[in-house]
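A closer look at the structure
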Amino acid sequence: MSSAPGPVSILILDKEYLIACPPEEREDLLAAAVYLNARLREIREGGKVIGAERQVMMAALNMANDLCKSSGREQRNNTDTGARVKNMRERVERTLQQGRQLEL
């Protein structure tokens, strides 16, 4: 991919959009466009949502929901990791204390 400045062409539901984007973010933009296009196609092919604006809204809501779930999982993982590290630190400190007492 060229790192020359200029807009990036993305294709969403068979429509081309030119988006201004820094060269270092182009790959992320293209990946996001592919992901959005896939989500919109799923909704369109499901046939339950009529109208492009509603399809975009449903895709945005679904993606926001996925992001919230992912953030929640990450936060729980960070909390769990913090608790495990604290527990390990306390065990190490207890072991060191016991070692010092044995030396006396």
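Shown above is the structure to which this text applies.
A few points on the structure. (Residues numbered from 1 in each chain as written. Predicted model: local features only at pLDDT ≥ 70, side-chain atom pairs only at ≥ 80, totals over all residues. Heavy atoms only, no water.)

**With respect to the overall build of the chain**
The secondary structure content of the chain amounts to two helices and two strands. Shown N-terminal to C-terminal, the secondary structure of the chain runs as helices and strands in the order β-β-α-α. The globule rule puts the C-alpha radius of gyration for 104 residues at 13 Å, and the 25 Å found for the chain is more than 25% above it. If one aligns the C-alpha atoms of the chain with their principal axes, the spans along those axes are about 80 × 40 × 15 Å. (Helix = DSSP H or I, 4+ residues; strand = E, 2+ residues; numbered from the N terminus. Rg over C-alpha atoms; globule rule 2.2 N^0.38 Å.)

**Details of the side chain of Gln55**
Within the element layout of this structure, Gln55 appears in helix 2 (residues 52-103). Leave out the neighbours within four places in its chain, and Gln55 touches Leu13, Leu40, Ile43, Arg44 and Val49. (Contact = heavy atoms within 4.5 Å.)

**Topic: the nonpolar core**
Counting residues in hydrophobic clusters, the biggest one holds ten residues: Val8, Ile10, Ile12, Leu13, Cys21, Ala33, Leu40, Ile43, Val49 and Ala59. Elements with a minimum of two residues in this core: strand 1 (8-12) and helix 1 (26-46). (Core = buried A, V, L, I, M, F, W, Y, C linked by side-chain atoms within 4.5 Å. Buried < 20%, exposed > 50% of the residue type's maximum accessible area, 1.4 Å probe, protein only.)

**Let's talk about helix 1**
With 21 residues, helix 1 extends 30 Å between its outermost C-alpha atoms, agreeing within 8% with the 30 Å of an ideal straight helix rising 1.5 Å per residue. Of the residues making up helix 1, those classed as buried are Arg26, Ala33, Asn37, Arg39, Leu40 and Ile43. Note on helix 1: the residue one or two positions beyond its end, Gly47, has a positive phi of about 75 degrees. (Expected span 1.5 Å × (residues − 1).)

**Focus on the pairing of strand 1**
Residues Val8, Ile10 and Ile12 point to one face of strand 1 and are all buried, whereas Ser9 and Leu11, pointing to the other face, are not buried. Examined bridge by bridge, strand 1 and strand 2 (residues 15-19) share five bridges and lie antiparallel to one another. Paired with Ile10 across the strands is Tyr17, a residue of strand 2. Hairpin connection between strand 1 and strand 2: a loop of two residues separates the two successive antiparallel strands, and Leu13 in this loop has a positive phi of roughly 45 degrees. (Pairing = 2+ DSSP bridges.)

**Quick look at the pattern of salt bridges**
Summed over all chains, the structure comprises four salt bridges. Note that Glu42 is salt-bridged to Arg39, the shortest N-O span being 3.9 Å. One end of the pair is Glu42 and the other is Arg39, both in helix 1 and three residues apart, which spans about a single turn. On the basis of relative accessibility, which here comes to 14%, the residue Arg39 falls in the buried class. Measuring nitrogen to oxygen at the nearest pair gives 2.7 Å for the salt bridge that ties Arg39 to Asp66. Of this pair, Arg39 sits in helix 1 while Asp66 sits in helix 2, and the two are 27 residues apart along the sequence. Overlapping salt bridges bring together Arg39, Glu42 and Asp66 as one network. (Salt bridge = Lys/Arg side-chain N within 4 Å of Asp/Glu carboxyl O.)

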